[in-house]
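What the coordinates show
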Amino acid sequence: EDQTIWLAKVILEKQKEYNLPIYFLGKAFKANVNLTAGSFAILLKNILEQKFNTQVKMYDPFIDNYFFNESEPHVFFIATNHDKFRNYLFPKGSVIIDPWRYIPDKPDCIVIRIGQNK
């Protein structure tokens, strides 16, 4: 739980720094599946909403019945490392927090890879 709280604080810090809403990509408990039982993503979302009173949008291509089509910049947190997220076109001005360190650099976006030396 301490690690989850730490990550929640990192996300909140970036939200405040860039003044952008939070959007989680991924709900599933592991990559490329549609199961949410034991999902770290949902736990982290609940902590942000309940403990820190912060609204979080969430999308998972394996679970949701609509197409991801966000045109406004957000702090995007890669909550599940689905292969599909690697090639997403993020809106200009977005901040992408990637704890999996697999999202390539994106034009006109900031990619923050958690745990990677600068």
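Note: the structure precedes this text.
We now turn to the structure provided with this report. This is a predicted model, so every value here is computed, not measured. (Residues numbered from 1 in each chain as written. Predicted model: local features only at pLDDT ≥ 70, side-chain atom pairs only at ≥ 80, totals over all residues. Heavy atoms only, no water.)

Let's talk about the pattern of salt bridges
Note on pairing: side chains with opposite charge can pair once their charged atoms come close. Under the criterion given, the structure shown has six salt bridges. A salt bridge links Lys45 to Glu49; the shortest N-O distance between them is 3.0 Å. With Lys45 and Glu49 both in helix H2 (residues 40-50), this residue pair falls four residues apart, about one helical turn. Take Lys45: its relative accessible area is 17%, and that puts it in the buried class. Arg113 is the salt-bridge partner of Asp105, the closest N and O atoms lying 2.7 Å from each other. (Salt bridge = Lys/Arg side-chain N within 4 Å of Asp/Glu carboxyl O. Helix = DSSP H or I, 4+ residues; strand = E, 2+ residues; numbered from the N terminus. Buried < 20%, exposed > 50% of the residue type's maximum accessible area, 1.4 Å probe, protein only.)

Topic: the packing of aromatic side chains
All chains considered together, the criterion is met by ten aromatic pairs. An angle of 85° between the planes, with centres 5.6 Å apart, marks the rings of Tyr23 and Phe68 as edge-to-face. Here Tyr23, found in strand E1 (residues 22-25), pairs with Phe68, found in the loop between strand E2 (56-59) and strand E3 (75-78); they are 45 residues apart in sequence, far enough to count as distant. Of the two residues, Tyr23 and Phe68, both sit in the buried class. An angle of 75° between the planes, with centres 5.1 Å apart, marks the rings of Phe85 and Tyr88 as edge-to-face. (Phe/Tyr/Trp six-rings, centres within 6.5 Å; stacked < 30°, edge-to-face > 60°.)

Remarks on the pairing of E2
In this structure, E1 lies alongside E2, joined through four bridges in parallel fashion. Its bridge partner lying in E2, Ile22 is registered against Val56. One crossover worth recording links E1 to the parallel E2 by way of H2, and it is right-handed. (Pairing = 2+ DSSP bridges. Right-handed = clockwise from strand over helix to strand, strands pointing away.)

Re the sheet that holds E3
Here five strands make up an open sheet; going across it, the order is E2-E1-E3-E4-E5 and the pairing parallel. Strands at the two margins of the open sheet, each flanked by one partner only, are E2 and strand E5 (110-113). Between one strand axis and the next, the sheet turns through 20° on average, direction left out of account. Two elements, E1 and E3, share four bridges in a ladder whose sense is parallel. Of the residues in E3, the one forming a bridge with Phe24 is Phe77. (Axes fitted to C-alpha atoms, helices over the stretch in contact; angles between N-to-C directions.)

Notes on the packing of helix H1 (residues 2-18) against H2
Across the interface, H1 lies against H2 with an axial gap of 10 Å and an inter-helix angle of 65°. Two packed elements cross with a definite hand, and for H1 against H2 that hand is right-handed. Between H1, through Thr4, Ile5, Leu7, Ala8, Ile11 and Leu12, and H2, the contact on the second element is made entirely by Phe40, Leu43, Leu44, Ile47 and Leu48. Its residues placed into classes, the contact of H1 with H2 shows ten nonpolar, one polar and no charged. (Left-handed = near helix turned anticlockwise from the far one by under 90°. Contact = heavy atoms within 4.5 Å. Nonpolar A, V, L, I, M, F, W, Y, C, P; charged D, E, K, R; others polar.)

Overview of the nonpolar core
By size, the foremost hydrophobic cluster in this structure holds 22 residues, and its most contacted members are Ile11, Phe24, Leu44, Leu48 and Phe77. Those elements that place two or more of their residues in this core are H1, E1, H2, E2, E3 and strand E4 (95-98). Among the elements that make up this core, the one with the highest residue count is H1 (six residues). Apart from the residues within four sequence positions on either side, Leu48 is in contact with Ala8, Ile11, Leu12, Phe24, Asn53, Thr54 and Val56. (Core = buried A, V, L, I, M, F, W, Y, C linked by side-chain atoms within 4.5 Å.)

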